[in-house]
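Each chain, letter by letter, is given below.
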Amino acid sequence: MSREILWQICHEKTSSNRELKKVIVNMLQERGVNIKQAASDLDINVHRAHNWYYKKTGMTALDLLWIMREYEFVRQAVEGSMSPDLLK
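Residues numbered from 1 in each chain as written. Predicted model: local features only at pLDDT ≥ 70, side-chain atom pairs only at ≥ 80, totals over all residues. Heavy atoms only, no water.

(A) Seen up close, the nonpolar core. Core analysis: the biggest nonpolar cluster contains 24 residues, and Ile24, Leu28, Trp52, Tyr53, Ile67, Tyr71 and Val74 have the highest contact counts within it. Leaving out residues up to four positions away in the same chain, Tyr71 has contacts with Leu28, Val33, Gln37, Ala38, Asp41 and Leu42. (Core = buried A, V, L, I, M, F, W, Y, C linked by side-chain atoms within 4.5 Å. Buried < 20%, exposed > 50% of the residue type's maximum accessible area, 1.4 Å probe, protein only. Contact = heavy atoms within 4.5 Å.)

Right under this line is the structure:
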């Protein structure tokens, strides 16, 4: 998933947590991170990770922070999608 697409999703007023979650889950799947691996890496319940992957459940801000801490490629994509004005 490209940074441009992530940026567009993050900055659309009609976007939702679920759309951002879809982008992040796609990034994880492209890197071969399955549900059990993500749950283990993030030290969370497998059921919670299953909800991100297969249900229309959004992730919490804390989940996003954990994912960004654990997976460098997600952190870079999220930080790269932010406008320079937000970083000041």
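(B) Summary view of the side chain of Lys21. Mapped onto the fold, Lys21 is located in helix α2 (residues 17–30). Each residue touching Lys21, except ones within four places of it in the same chain, is listed here: Asn51, Trp52, Lys55, Lys56, Thr57 and Met59. (Helix = DSSP H or I, 4+ residues; strand = E, 2+ residues; numbered from the N terminus.)

(C) Spotlight on the confidence of the model for the protein chain. Looking at the protein chain, the pLDDT average stands at 79 and 74% of residues meet or exceed 70. Highest mean pLDDT in the protein chain belongs to helix α3 (residues 35–42) (92); lowest belongs to helix α7 (residues 84–87) (51). (pLDDT = per-residue confidence, 0-100.)

(D) Representation of the pattern of salt bridges within the structure. The tally for this structure, following the rule as stated, stands at three salt bridges. The closest approach of N and O atoms between Asp63 and Arg48, which form a salt bridge, is 2.5 Å. Within this pair, whereas Asp63 is found in helix α5 (residues 61–70), its partner Arg48 is found in helix α4 (residues 46–54), the two being separated by 15 residues in sequence. The exposure class of Arg48 is partly exposed, given its relative accessible area of 31%. (Salt bridge = Lys/Arg side-chain N within 4 Å of Asp/Glu carboxyl O.)

(E) Looking closely at α3. The complete set of buried residues in α3 reads Ile35, Ala38, Ala39 and Leu42. Along the axis of α3, the buried positions cluster into a sector of 100°, meaning they face one direction only. Within α3, the exposed residues directed more than 90 degrees away from the buried face are Lys36 and Ser40. A side-chain oxygen of the first residue of α3 lies 3.3 Å from the backbone nitrogen of Lys36; this N-cap is Asn34. (Arc of directions from axis to C-beta. Polar contact = N/O pair within 3.5 Å; in protein donor to acceptor, adjacent residues only side chain to side chain.)

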